[in-house]
Amino acid sequence: MSNSLNEYTDQELLVRYLSKETSALENRRVEHWLNANDRNKEEFNKLKLLWEASSHAKEASLIDVKSDWQKVKLRIDDEPKVRSLSAAKQQGSVFTRLMRVAAVITFLVVAYLTWPVLSGLNPAEMTTITALSDTSAVVLADGSKVLLNKNSRLVYPEKFSGNTRTVTLEGEAFFDVVKDPSKPFLIKSGRAITEVVGTSFSVNAGIKNKVLVTVVTGKVLLYNEMNQEGKLAIVPGEQGQLKNESQLLKKVNDDLNFLSWKTGVLTFQNTPINKVIKDLSTHYDRPLKLGSSALKTCTLTATFDKQPLENVLDELQLVLPIQILMQDKKIILTGTGCQ
Amino acid sequence: MSDQSLANRIKSGDKSAFEELFNSHYQMLCIYAKKVIGDMDQSRDIVQNVFVTLYNNRASLNIKSPVKNYLYRSVYNACLNYLEQVKVHSKHHSYIASYHSESDSRDMIVQAELEGEVWNEIQKLPDQCRIIFQMNRFEGRKNKEIATTLGISIRTVETQISKALKILRKNLSHLMPALLLLTSAA
């Protein structure tokens, strides 16, 4: 048996040793190696130093710089008070149950609106909740529940007074609205207003100059604040749009993944690869690109249930004639295309 | 961009300069405050207050002395203030307050900055490498557990961790002797 550790194996053995997961025999091997010469000892001491220093750095992971900056920013902007996200998050379990709620309405809302959109509302009575790196849940004064997607913001009153229940949304959110026909529930996003009489639905804002309302079940009205005559009624399976603050139109919803941010499930049925990488990019928040236009001939049929992206990419390589390249943070799909 | 030219821009109400200052010091100030008062959530509140105060008082900001010194001093004072307030409720906290001397405080600043540096370097590791390394070092998970969770072999976990150590050793070489301050402090 050789006493010297093989160049290719000793690094893993040292990791095991540092992790205190070595067997008695392995311990003896490491100690033997350490005592062999001073260079080995010095090498090990450096690793041990990094090993311990790294666990001290753990503290930093408890600090969410981005979200804390938002809190400071709102305070120096003298904007409405911010509710702590951690408090709101504790209500998250409510939303797992919402999955089974029959009436689900979803719509996507534009981000062109300038923040804050508080016209006619008394800012002092408003609360702002901002979800940055994670989804966030909140229960409104009337018992209606909202799940905010990341990078989204909701402004709502502490109490609903007046003839309507009005909130303002920037980003994407899922709503479960308590029925109250005498007090319609309104979501304002720029000039777009989505009106709900009482049901649950999901809202997504993020497409420039466009409001998208996709209905699963239930019924909502979409209209322009400035033109309340032309209200577009949207029912299950349909998607309403308000483009450039003026054009109202309706089409069949063919996006299987518009709720994936909430469910964690991505579904593809004979889906063109372009749409696949678009959905994956959005869902995992990582840039995916086609390395060659020949790949546009490929389609995918698959379902990914809360799988890590690495996993999904492995599966893609199995079912499609493609290779995955990583360039910095960018993920590039290459290949000669499908027949 | 140096802190001093940032201070100049902040003085004239430039919020992007203020954001830059926040981003470059916030984390380390929080780590430092946590060392003084022993509670991270409170520390974050304290440091946020210091930044808000700094912005509100930006007109009187002295651009000749380093902003960083001002920040650490303000956080330290705010921490002592906090400890005074809770002293009534807890003997433990008053113990911490009297235990920390000026020189302890200086050591804690150095430690906070080192921890921040190490954390920054860990964040720059390749994704898989970083996730595995953090699961071991931050969450204290066994390598076998990590392998099961991620659906990979134990061997891969060990290889990725050794890769992480190799990269960190290279990128933190300039801090190597200083890191002893962290491990001896515990």
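Residues numbered from 1 in each chain as written. Chains lettered and ligands numbered in written order. Predicted model: local features only at pLDDT ≥ 70, side-chain atom pairs only at ≥ 80, totals over all residues.

**Q** With reference to specific residues and values, describe the overall build of chain A.
**A** Assigned secondary structure in chain A consists of nine helices and 20 strands. Taking all contacts inside chain A whose residues are at least 6 apart in sequence as the whole, residues at least 24 apart take part in 57%. (Helix = DSSP H or I, 4+ residues; strand = E, 2+ residues; numbered from the N terminus. Contact = placed C-beta atoms within 7 Å.)

**Q** Any chance you could break down the overall build of chain B for me, citing the residues and the numbers?
**A** The helix and strand inventory of chain B stands at 10 helices and zero strands. Along the chain direction, N to C, the helices and strands of chain B fall in the order α-α-α-α-α-α-α-α-α-α. Counting across all 186 residues of chain B, residues that qualify as buried make up 35%. (Buried ≥ 20, exposed ≤ 12 C-beta atoms within 10 Å, placed from the backbone.)

**Q** Explain the confidence of the model for chain B to me, and be specific about the residues and the numbers.
**A** Residues and elements named next belong to chain B. On average, residues of chain B score 84 in pLDDT, and 88% of them are at 70 or above. The weakest mean pLDDT in chain B belongs to helix α5 (residues 91–99) at 49; the strongest belongs to helix α9 (residues 154–171) at 94. Across the predicted assembly, pTM comes out at 0.49 and ipTM at 0.86. (pLDDT = per-residue confidence, 0-100.)

**Q** Tell me what's going on with the interface of chain A and chain B, and back it up with residues and numbers.
**A** Contact with chain A, which involves 31 residues of that partner, is made by 39 residues of chain B. Its residues placed into classes, the side of chain A that touches chain B shows 14 nonpolar, six polar and 11 charged. (Nonpolar A, V, L, I, M, F, W, Y, C, P; charged D, E, K, R; others polar.)

**Q** Please set out the nonpolar core residue by residue, giving values where relevant.
**A** Residues L29, Y32, A33, V47, V75 and C79 of chain B are the most contacted members of the largest nonpolar core, which totals 58 residues. A total of 12 residues in this core trace back to one element, the largest contributor, which is helix α2 (residues 15–37) of chain B. In terms of nonpolar packing, the next biggest core, distinct from the first, is built from 30 residues, A137, Y156, A173 and I187 of chain A among them. (Core = buried A, V, L, I, M, F, W, Y, C linked by C-beta atoms within 7 Å.)

**Q** Tell me what's going on with the sheet that holds strand β20 (residues 330–334) of chain A, and back it up with residues and numbers.
**A** All names here are of chain A. Strands sit in the order β17-β20-β19 across an open sheet of three strands; the sheet is mixed. Each edge of the open sheet carries a strand with a single partner, namely β17 (288–290) and β19 (323–327). Within the sheet, the average angular offset between the axes of one strand and its neighbour, ignoring direction, is 30°. Bridge count for β19 against β20 is five bridges, and the pairing is antiparallel. When the sheet's bridge partners are listed, L325 is paired in β20 with I332. Along the sheet, helix α8 (residues 273–284) makes contact with β17 and β20, crossing β17 at roughly 165°. (Pairing = 2+ DSSP bridges. Axes fitted to C-alpha atoms, helices over the stretch in contact; angles between N-to-C directions.)

**Q** I'd love a proper account of helix α1 (residues 10–18) of chain A, names of residues and values included.
**A** If you check which residues of α1 of chain A are buried, you get L14, V15, R16, Y17 and L18 of chain A. In this structure, the buried side of α1 of chain A is in contact with α2 (24–36) and α3 (38–56) of chain A together with α9 of chain B. Positive backbone phi, approximately 55°, marks K20 of chain A, located one or two places after α1 of chain A.

**Q** Describe the pairing of strand β9 (residues 192–196) of chain A, and please don't skip the residues or the numbers.
**A** All names here are of chain A. Within β9, four of the five residues are buried, leaving the element largely enclosed by the surrounding structure. Two successive antiparallel strands, strand β8 (residues 185–189) and β9, enclose a turn made up of two residues, where G190 displays a positive phi of approximately 65°. Strand direction decides the pairing type here: β9 and strand β12 (residues 220–224), joined by five bridges, are antiparallel. Bridge pairing in β12 links E195 to L221.

**Q** Kindly report on the confidence of the model for chain A, identifying the contributing residues and their values.
**A** Residues with a pLDDT of 70 or more make up 77% of chain A, whose mean pLDDT is 75. pLDDT under 50 marks residues 79–124 of chain A. Its contacts with residues more than four places away, or in other chains, come to 121 contacts.

**Q** Please provide a residue-by-residue account of the packing of α2 of chain A against α3 of chain A, values included.
**A** All names here are of chain A. In contact at an axis separation of 5 Å, α2 and α3 are set at 120° when each is read in the N-to-C sense. Two secondary-structure elements touch here, α2 through W33, L34 and A36 and α3 through N40, K41 and F44. For the contact of α2 with α3, the class distribution of residues is four nonpolar, one polar and one charged.

**Q** Outline the packing of helix α7 (residues 127–137) of chain B against α9 of chain B, supporting the account with residue identities and numerical values.
**A** All names here are of chain B. Look at α7 against α9: their axes get within 9 Å of each other, and the N-to-C directions meet at 95°. Judged by the inter-axis angle, α7 sits roughly perpendicular to α9. Packed against α7, whose contacting residues are Q128, C129, I132, F133 and N136, the element α9 presents V157, Q160, I161, K163 and A164 at the interface. Of the residues in the contact of α7 with α9, the class split is six nonpolar, three polar and one charged. (Parallel < 35°, antiparallel > 145°, perpendicular 65-115°, else oblique.)

**Q** Which residues make up the environment of L309 of chain A, and what values go with them?
**A** All names here are of chain A. As for its placement among the helices and strands, L309 is situated in helix α9 (residues 309–319). Along the sequence, L309 and L280 sit 29 residues apart, while their C-alpha atoms lie 8.2 Å from each other. Beyond its immediate stretch of four places on either side in the chain, L309 contacts Y284 and R286.

**Q** Got a sec to walk through the sheet that holds strand β6 (residues 165–170) of chain A? Specific residues and values, please.
**A** All names here are of chain A. Strand order in this open sheet of seven strands is β2-β5-β6-β8-β9-β12-β13, and the pairing throughout is mixed. Of all strands in the sheet, those with a lone pairing partner are β2 (126–131) and β13 (227–234), marking the two edges. Within this sheet the neighbouring strands show an average axis-to-axis angle of 25°, counted without direction. Sheet topology places β8 next to β9; five bridges connect them, and they run antiparallel. Its bridge partner lying in β9, F185 is registered against V196.

**Q** Summarise the pairing of strand β3 (residues 136–139) of chain A; cite the residues concerned and give the values.
**A** A regular strand places its side chains on the two faces of the sheet in alternate fashion. All names here are of chain A. Pairing between β3 and strand β4 (residues 145–148): four bridges, direction antiparallel. When the bridges of β4 are listed, V139 appears paired with K145. Between the end of β3 and the start of β4, which pair antiparallel, lie five residues, with G143 showing a positive phi angle near 95°.

**Q** Give me unusual backbone geometry: which residues, what numbers.
**A** Residues and elements named next belong to chain A. Positive phi is not limited to glycine here, since K20 has a value of about 55°. With respect to the helices and strands, the residue K20 is situated in the loop between α1 and α2. Overall, K20 belongs to the exposed group, with 8 C-beta atoms counted inside 10 Å. Phi at D285 takes a positive value of approximately 55°, unusual for a residue other than glycine. Here D285 is to be found in the loop between α8 and β17.

**Q** How would you sum up the environment of E59 of chain A? Please name residues and give values.
**A** With respect to the secondary-structure elements, E59 of chain A resides in the loop between α3 and α4 (65–76). Among residues more than four places away in sequence, those in contact with E59 of chain A are I31, K34 and E115 of chain B.

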